[in-house]
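Each chain, letter by letter, is given below.
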Amino acid sequence: MIGSSHVPAVQGRVRTRIAPSPTGFLHLGTARTALFSWAFARHYGGSFVLRIEDTDVARSNEESVAQILESMRWLGLDHDEGPIYQMQRLDRYREVTDRMLAEGKAYHCYATPEELEAMREAQRARGEKPLYDGRWRPEPGKTLPPVPEGVAPAIRFRNPADGVVTWDDLVKGPISISNHEIDDLVIVRADGVPTYNFAVVVDDWDMRISHVFRGDEHVNNTPWQINLFHSLGAPLPVFAHVPVILGDDGQKLSKRKGAVSVTAYEEEGFLPEAILNYLARLGWSHGDEELFSREQMVAWFDGSHLAKHPAQWDAAKLAWVNAHYLKALPDDALSLLVKAQLARRGIAAPDDEWLGRACALFKDRCNTGSELAGWLAMFFTPVSPSMEDMRQHVADAVRPALTTLAGKLEGAEWTAPGIAAAVKETLVAHGLKMGQFAPAVRVVVCGRAQTPSLDVVLALFPRRAVRERLMAVGPASL
Ligand code: GLU
């Protein structure tokens, strides 16, 4: 199923936002929404706002805020305004609710959580959808219950009792929900903190947001929000609900099934360009293009070709995309990436000339910075070949030749050709073939049976290290 391919009619100034809740790291799904919002704003020369939705006081924390800001910076999704914190806007929300209360658009509800639970329980028992029954909703001629003492009221929005809420979703197309399906939403909790659905509307209104991109788990919230916009006399933004990203198991991509935070990919030595390129293709396309720069995405991202169907996370494809960017990375950037990855393994930065040679030799075999550092680690830390490799490749027949090679390398010129000559002499002296001997040297010196060209790899080691590793192997297996 292909999503709508028509380019939306954009009127006025485009203003988009990303509004993460700081209850954890920046999730890949949120990063994709941020990318779409950002690219759409950039495409139309508009503004991109970063808002921190921290009204869930129990779950929000400063560490998450810092992580989210850092991930946004790392991805290069620069915002024009913000970060704006909802908890710093409580006065503004109060001003709006005071007016709504005064105008009869909202009302106090003194029902306790226990009462509400009992109400819902009874509705479920009758086979009804649990909805607030309007017990505190003022109506002409209706007598409200006596206000109980010592109960702090919540504030509820007086949702229209009839009619239908309709919008033309940029991704999903036209959507209609009857007001009978939704109830009078709590807009301010008893503790005075506004709920998501209310704060988001006041903010999107105040921040003059023209297009709301967000995950489609919020589709069910949108009818309430639209009613609130109307009630406040605020212009309606265009909504674009982006389908979920599914993991390998067909379930929503989740922490239990692997890395879902942007930070985890940064730590693994993925590149921001690759993550953005890959995320862009989860739910959006431009013809058959798979590899494109962020500038190209901005040029193409006009709000068309957004897919309606869920996107499938594909770790192998991400690795492929990352390998592409890794190969194309300028030497100085690659060296920074690898140094950071080596530092994570406790390995001090090698000199740039050496690093340049080493990266050039191994990078084509790697998808990530972490894999590249994994190769380079053998030059700095002792290797521990597997028993299996030792048994298979370091047979008694080749062991004496390892000692011979160590001797020949003592006086060899320490270059690839010099090392190649010493290897050849050793083969001749022991009547061995390259195919028998090279894997043994690799296993003993590099800790693995496959590497790029042996002489070139050995030349990257200090002479002493190679000789020590060769000599550490006894004349016969135990
Ligand atoms: N704080 C909400 C979230 O993280 C934002 C939803 C929205 O964009 O309206 O899901």
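In this text, all values refer to a predicted model and were calculated from it rather than measured experimentally.

### Focus: the overall build of the protein
Line of reasoning, step 1. Summing up its helical and strand segments, the protein has 19 helices and twelve strands in all.
Line of reasoning, step 2. Taking 23 Å as the expected radius of gyration for a compact globule of 478 residues, we find that the protein reaches 31 Å, considerably beyond that expectation.
Line of reasoning, step 3. Seen along its three principal axes, the alpha-carbon backbone of the protein occupies a region of about 110 × 45 × 40 Å.
Line of reasoning, step 4. The burial tally for the protein puts 49% of its 478 residues in the buried class.
Line of reasoning, step 5. Nonlocal contacts in the protein, meaning residues at least 24 apart in sequence, comprise 75% of its contacts between residues at least 6 apart.

### Describing the site of the ligand
Line of reasoning, step 1. Taken together, Arg17, Ala19, Ser21, Glu53, Tyr196, Val200, Arg214 and His218 are the residues near the ligand.
Line of reasoning, step 2. Backbone polar atom of Ala19 to a nitrogen atom of the ligand: 2.8 Å apart, as the coordinates give it.
Line of reasoning, step 3. Here the ligand loses 83% of its free accessible area of 300 Å² to cover by the protein chains.

### Overview of the pairing of strand β3 (residues 81–85)
Line of reasoning, step 1. Where strand β2 (residues 47–52) and β3 come together, three bridges link them in parallel fashion. The residue bridging Arg51 from the neighbouring strand is Ile84, located in β3.
Line of reasoning, step 2. Read as a crossover between parallel neighbours, the route from β2 over helix α2 (residues 62–75) to β3 is right-handed.

### What about the sheet that holds strand β8 (residues 186–188)?
Line of reasoning, step 1. Strand order in the open sheet made by the three strands is β4-β5-β8, with antiparallel pairing throughout. The open sheet has two edge strands, β4 (106–109) and β8, and neither has a second partner. For this sheet the average axis-to-axis angle between neighbouring strands, irrespective of direction, equals 45°.
Line of reasoning, step 2. By the bridge criterion, two bridges tie strand β5 (residues 154–157) to β8 in an arrangement that is antiparallel. Bridge assignment links Ile155 to a residue of β8, and that residue is Val188.

### Some details on unusual backbone geometry
Line of reasoning, step 1. The omega angle of the peptide bond from Gly82 to Pro83 is 0°, so this bond is cis rather than trans.
Line of reasoning, step 2. Note on placement: Pro83 falls in strand β3.
Line of reasoning, step 3. Positioned with a positive phi, Arg208 is a non-glycine residue whose angle comes to about 50°.
Line of reasoning, step 4. Since its relative accessible area comes to 55%, Arg208 is described here as exposed.

What counts and what doesn't
- Residues numbered from 1 in each chain as written.
- Predicted model: local features only at pLDDT ≥ 70, side-chain atom pairs only at ≥ 80, totals over all residues.
- Heavy atoms only, no water.
- Helix = DSSP H or I, 4+ residues; strand = E, 2+ residues; numbered from the N terminus.
- Rg over C-alpha atoms; globule rule 2.2 N^0.38 Å.
- Buried < 20%, exposed > 50% of the residue type's maximum accessible area, 1.4 Å probe, protein only.
- Contact = heavy atoms within 4.5 Å.
- Near = heavy atom within 4 Å.
- Polar contact = N/O pair within 3.5 Å; in protein donor to acceptor, adjacent residues only side chain to side chain.
- Areas by Shrake-Rupley, 256 points an atom, 1.4 Å probe, with all protein chains shown as cover.
- Pairing = 2+ DSSP bridges.
- Right-handed = clockwise from strand over helix to strand, strands pointing away.
- Axes fitted to C-alpha atoms, helices over the stretch in contact; angles between N-to-C directions.

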